[in-house]
Amino acid sequence: MEIDGLADRILNGDRRALARAITLVESGRADHRAQATELLAQLAGLERQALRIGLSGTPGVGKSTFIESFGMMLIGLGLRVAVLAVDPSSARSGGSILGDKTRMERLSRERAAFIRPSPSQSHLGGVARRTREAIALCEAAGFDVVLIETVGVGQSETVVSELSDLFLLLLAPAGGDELQGVKRGIMEMADMILVNKADGDLKATATRTCADYAGALRLLRKRPQDPEGFPKAMTVSAVEEHGLEDAWSEIQSLTQWRRDSGHWERNRAVQAQYWFEQEVRSALLSRLSTAPARAEMERLSTEVSHGRISPAAAAEQMLTTLA
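Quick summary incoming for the structure in this document. The structure presented is a predicted model; accordingly, all values stated were derived computationally and were not measured. (Residues numbered from 1 in each chain as written. Predicted model: local features only at pLDDT ≥ 70, side-chain atom pairs only at ≥ 80, totals over all residues. Heavy atoms only, no water.)

A look at the nonpolar core
Here is the rule we go by: We call a set of buried Ala, Val, Leu, Ile, Met, Phe, Trp, Tyr and Cys residues a nonpolar core when their side-chain atoms join them within 4.5 Å. Type-normalised accessible area, obtained with a 1.4 Å probe on protein chains alone, sets the label of each residue: buried when under 20%, exposed when over 50%, and partly exposed for intermediate values. A run of DSSP states H or I qualifies as a helix once it reaches four residues; a run of E qualifies as a strand once it reaches two. Both are numbered from the N-terminal end. By definition in these notes, contact holds between two residues if any of their heavy atoms fall within 4.5 Å.
Core analysis: the biggest nonpolar cluster contains 46 residues, and Ile10, Leu18, Leu39, Leu137, Cys138, Val146 and Ile193 have the highest contact counts within it. Sorting elements by how many residues they give to this core places helix α2 (residues 15-26) first, with 6 residues. When sequence neighbours within four positions are dropped, the list of residues in contact with Leu39 reads Ile3, Leu6, Ala7, Ile10, Ala21, Leu24 and Leu137. Within the second largest apolar cluster, 34 residues are counted, among which are Val61, Ala113, Leu244 and Leu254.

Right under this line is the structure:
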């Protein structure tokens, strides 16, 4: 693959080249990883920065519908929008449906939009392993906003907050009382809570749910990266497209405050350190996949199963072999 030509096409906003580049960085082949590293190195150091917005929530809360309505609104404002949708992979077959793009029919037809579904594979935390590199490629392609949609996650799945500048948590009406909102984990990571489906018969319920979570947020310890009034809870309707402009206004307000106060750059620096450490850990784990390592693992596993050596001693021997 001609990396120089691919980099130039990405810089010119070629969506097909961008899709090809993301396929390259997601590949596990050694030659593809070398090409991906070269490509990312060529695109590094650019002054192009997109607003990275992580979006999480339970399955069925309306994440894809919200992203389509929100993305269409942003395009109407003259912005270019990229969507990286992470789809859960089967624990049995390893396959993924990757159907998020079909849920965003209007948005997928827009030239100012780019939608890329990716499998989570075995990576935990609601995102794919190479999502961060895909975000960097979207920024290089000149997109103004990158929306990262996680798989439907629980309270402890917060890796998306290590990828984004802002983390939005989408909730459904009647999803829990105020005590549910005080629970630690994903609630502590959220910059804004959006109670979706605030329309029709659920509108009053959504308003009450929003009030419950707003009260819960006031009980959480104040974070240094938040101005007065944040994090906050709001109601939106992705179907009727109500509340989207207000949510965007609050997002811009929070983003500007963090830029002015220096939290924006500090957060990105901390995130870069986090992903460096994750890459080191992943590289060490990959050494267990080599043929000699697998053979030694099988030998020691047999010894452990027969009671000839303890699991701790076997693990120590294995680590000594890898050193």
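So much for the structure itself; the text now carries on.
Describing a nonpolar patch on the surface
Rule in force here: In this scheme, patches are assembled from residues that exceed 30% relative accessible area and form no salt bridge. Like charges are connected within 9 Å, while nonpolar side chains (Val, Leu, Ile, Met, Phe, Trp, Tyr) are connected within 5 Å. A 1.4 Å probe and the Shrake-Rupley method give the accessible areas. Residues count as covered only by the protein chains that appear here. Every case where a carboxyl oxygen of Asp or Glu lies within 4 Å of a side-chain nitrogen of Lys or Arg is listed as a salt bridge.
On the surface, a nonpolar cluster with roughly 300 Å² of combined accessible area is contributed by Phe276, Val280 and Leu284. Its place among the elements puts Phe276 in helix α12 (residues 263-286). In this structure Phe276 comes out as exposed when scored by relative accessible area, which is 56%.

What about empty space enclosed by the protein?
Worth spelling out the cut-off: Two kinds of site are reported from a 1 Å grid over the protein atoms alone, namely cavities, where a 1.4 Å probe fits but cannot get out, and pockets, open sets with protein on both sides within 12 Å along at least five of seven lines, and residues are called lining when an atom falls within 4 Å of a point. Grid points are joined across faces, edges and corners, and a volume is the space filled by probe spheres set on the points.
Per the stated rule, a full pass over the model turns up 1 cavity of 30 Å³ or more. Quantified by volume, the largest cavity comes out at close to 60 Å³. Taken together, the elements giving at least two residues each to the lining of the largest cavity come down to α2, β2 (81-87), β3 (113-119) and α7 (131-140).

Description of the sheet that holds strand β7 (residues 232-235)
Counted only if it meets this: When DSSP finds two or more bridges between two strands, those strands count as paired. Axis lines are fitted through C-alpha atoms, for helices just across the contact stretch, and the angle between N-to-C directions can take any value from 0 to 180 degrees.
Taken together, 7 strands build an open sheet; the order of strands is β3-β2-β4-β1-β5-β6-β7 and the sheet is parallel. The outermost strands of the open sheet, each flanked by one partner alone, are β3 and β7. Strand-to-strand, the axes of this sheet are offset by a mean angle of 20°, without reference to chain direction. Taken together, the 5 bridges between strand β1 (residues 51-57) and strand β4 (residues 145-149) define a ladder with parallel strand orientation. Directly across from Gly54, in β4, lies its bridge partner Ile148.

Structural notes on unusual backbone geometry
In this structure, Pro231 follows Phe230 across a cis peptide bond, with omega equal to -5°. Within the secondary structure layout, Pro231 lies in the loop between α10 (203-219) and β7. Although it is not a glycine, Lys197 sits at a positive phi angle of roughly 65°. Locating Lys197 in the fold gives a position in the loop between β6 (192-195) and α10. With phi around 60°, Glu241 is a residue other than glycine that occupies positive phi space. Along the chain, Glu241 turns up in the loop between β7 and α11 (244-261). Glu241 sits in the partly exposed class, given a relative accessible area of 35%.

What to know about the side chain of Asp191
To keep it simple, the criterion reads: Pairs of N or O atoms within 3.5 Å make up the polar contacts considered here, provided that, within protein, one atom can donate a hydrogen while the other can accept it, and that residues adjacent in sequence are counted only when both atoms are side-chain atoms.
Turning to its location among the elements, Asp191 is positioned in the loop between α9 (186-189) and β6. Only 2.8 Å separates the side chain of Asp191 from the backbone nitrogen of Phe167, close enough to count as a polar contact.

Looking at helix α13 (residues 291-305)
Heads up, the condition is: How far a helix is expected to stretch is found by multiplying one less than its residue total by 1.5 Å. Our arc is simply the arc of the directions from the helix axis toward the C-beta atoms.
The end-to-end C-alpha distance of α13, which contains 15 residues, comes to 21 Å, matching closely the 21 Å that a straight helix rising 1.5 Å per residue would cover. Among the residues of α13, those classed as buried are Ala293, Glu296 and Leu300. Viewed along the axis of α13, the buried residues span an arc of 65°, placing them on a single side of the element. Opposite the buried face of α13, at more than 90 degrees from it, the exposed residues are Glu298 and Ser305. Looking one or two residues past α13, Gly307 carries a phi angle of roughly 80°, positive in sign.

Digging into the side chain of Thr131
Along the chain, Thr131 turns up in helix α7. Thr131 gets classed as buried once you look at its relative accessible area, which sits at 5%.

A look at the environment of Ser253
Note that Ser253 resides in helix α11. Its relative accessible area of 40% is what places Ser253 among the partly exposed residues. Spatially, the C-alpha atoms of Ser253 and Pro227 are 9.5 Å apart, while their sequence positions differ by 26 residues.

Describing helix α1 (residues 3-11)
Residues of α1 that are buried: Ile3, Leu6, Ala7 and Ile10. Down the axis of α1, the smallest arc covering the buried residues is 100°, so these residues share one side. Residues of α1 that are buried make contact with α2, α3 (30-43) and α7. One or two steps after α1, the chain reaches Gly13, where phi turns positive at roughly 80°.

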